[in-house]
Amino acid sequence: IESLTVGELAEKLHRDSSEVIKKLMKLGVMATKNESLDKETIELITADYGVEVEEEEVIDKLDIDIYTDENDSEENRTERPPVVTIMGHVDHGKTTLLDSIRHTKVTAGEAGGITQHIGAYQIEENNKKITFLDTPGHAAFTTMRARGAQVTDITILVVAADDGVMPQTKEAIAHAKAAEVPIIVAVNKMDKEGANPDRVMQELTEFELVPEAWGGETIFVNVSAIKGEGIDELVEMILLVSEVEEYKANPDKRATGTVIEAELDKGKGPVATLLVQDGTMHVGDPIVVGNTFGRIRAMVNDLGRRVKSAAPSTPVEITGLSDVPQAGDQFVVFEDEKKARSVGEQRAARAKDEERNLTNRVSIDDLFSQI
Ligand code: GDP
Ligand code: MG
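From a predicted model like this one, the values you see are computed outputs, not experimental measurements. (Residues numbered from 1 in each chain as written. Chains lettered and ligands numbered in written order. Predicted model: local features only at pLDDT ≥ 70, side-chain atom pairs only at ≥ 80, totals over all residues. Heavy atoms only, no water.)

### Quick word on the pairing of strand S8 (residues 183-188)
No. 1: Along S8, 6 of the 6 residues are buried, which leaves the element largely enclosed by surrounding structure.
No. 2: By the alternation rule, side chains of S8 split into Ile-183, Val-185 and Val-187 and Ile-184, Ala-186 and Asn-188, which are all buried.
No. 3: Here strand S7 (residues 154-160) pairs with S8 via 6 bridges, running parallel. Along S8, the bridge assignment pairs Leu-157 with Val-185.
No. 4: Relative to strand S9 (residues 219-222), S8 runs parallel, the two sharing 4 bridges. Looking across to S9, one finds that Ala-186 is bridged to Val-221.
No. 5: Traced from S8 through helix H8 (residues 197-205) to S9, the parallel crossover comes out right-handed. (Buried < 20%, exposed > 50% of the residue type's maximum accessible area, 1.4 Å probe, protein only. Helix = DSSP H or I, 4+ residues; strand = E, 2+ residues; numbered from the N terminus. Pairing = 2+ DSSP bridges. Right-handed = clockwise from strand over helix to strand, strands pointing away.)

### Comments concerning the site of ligand 1
No. 1: In the vicinity of ligand 1 there are 15 residues, among which Asp-91, Lys-94, Thr-95, Thr-96 and Asp-191 approach most closely.
No. 2: Lys-189 is positioned such that a nitrogen or oxygen atom in its side chain is 3.0 Å from an oxygen atom of ligand 1.
No. 3: In the model, an oxygen atom of ligand 1 is placed 3.2 Å from a nitrogen or oxygen of the Ile-226 main chain.
No. 4: Alone, ligand 1 offers 580 Å² of accessible surface; in the complex the protein occludes 72% of this.
No. 5: If you tally residues by element for the shell around ligand 1, the top one is helix H5 (residues 94-105), at 3 residues.
No. 6: Broken down by class, the residue content of the shell around ligand 1 amounts to 3 nonpolar, 7 polar and 5 charged. (Near = heavy atom within 4 Å. Polar contact = N/O pair within 3.5 Å; in protein donor to acceptor, adjacent residues only side chain to side chain. Areas by Shrake-Rupley, 256 points an atom, 1.4 Å probe, with all protein chains shown as cover. Nonpolar A, V, L, I, M, F, W, Y, C, P; charged D, E, K, R; others polar.)

### Structural notes on the pattern of salt bridges
No. 1: Enumeration over the complete set of coordinates arrives at 13 salt bridges.
No. 2: For Glu-208, the salt bridge goes to Lys-177, with nearest N and O atoms at 3.7 Å. Taken together, the residues span a long stretch of sequence, with Glu-208 in the loop between H8 and S9 and Lys-177 in helix H7 (residues 167-178) at a distance of 31 residues.
No. 3: Here Lys-177 falls in the partly exposed class, since its relative accessible area comes to 38%.
No. 4: Note that Lys-339 is salt-bridged to Asp-336, the shortest N-O span being 3.9 Å. (Salt bridge = Lys/Arg side-chain N within 4 Å of Asp/Glu carboxyl O.)

Printed below as a string of structure tokens:
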């Protein structure tokens, strides 16, 4: 965005135009509601508000709105790979299924392709990529969604054919429905004696997951994760759903996305696995991640290889941050490092403030509860 009117800026800031006009006056800028403001002035005002804005959300949206670049147009949006998470009851085969898909679809020619380096991986089928997240599905939905991030496009619901719908199966359905994410059911352990896929289908109709064969719209695939059976069909169905849903992103703009996991490495310092959800990320990019910032020193892909850039839906591990962010934190690439630093520092200060306020509020509550 190169320019905004005073009114538009006020709206983005969730403030009255008159308040913004007053602030502008203090800065020596006389402007009416419909007057266009240049980038410099917009930055002055937002920086000024940055320390005052209370809601995390507001500033998150703000950073993204204000600092996206000229390339941010609808026409530049192109197809991107779907991001898939696997959910289901414990021991129904989530981990085995993830391993099986990777073994089946990552070609042996890709050296080290079998060892997973980060908590996510990509496969390619018929020139179409699919990203799988290895975060326990429930964490992906609860922690991340609690922090305002949605990373999943499609959920694979794994149900063991010899066990049927269990408590965590129901939880998984509830999460996916709340997030309005399409569900593909993988009926697993078909190799086992006592496997009863019809019973699973029957049980799931109670949750409005009705197979196409019975007049519903839910895709069911019978698989044996352990034998690698049904994996091709499952992958095919994921591609089918993504064709229908038409997931898009703009690879030409600066990257934004979400932290999948992060930790402090003794040698490398803060290390974070990021999912690029829009734009393309490059080594050297100045970046604000949650309440921290930095410049991307190195990027490693899911195969453990160093890469220079990461397109939409790509998971990468980065180094170069000044602190360890949290899973679910949003990130935004900035045009220059100075700005990234100032926004990062403001956010860190605000987070500290909030923590302090929270403690104060708690003690006041305590006070009242004793009266
Ligand atoms: P998770 O808790 O959902 O991640 O389940 P796991 O992938 O750890 O699998 C739980 C157990 O079920 C393990 O002992 C697996 O070997 C077994 N298992 C997973 N998939 C299959 C399958 O397709 N067939 C059979 N027979 N066993 C399976
Ligand atoms: Mg597991």
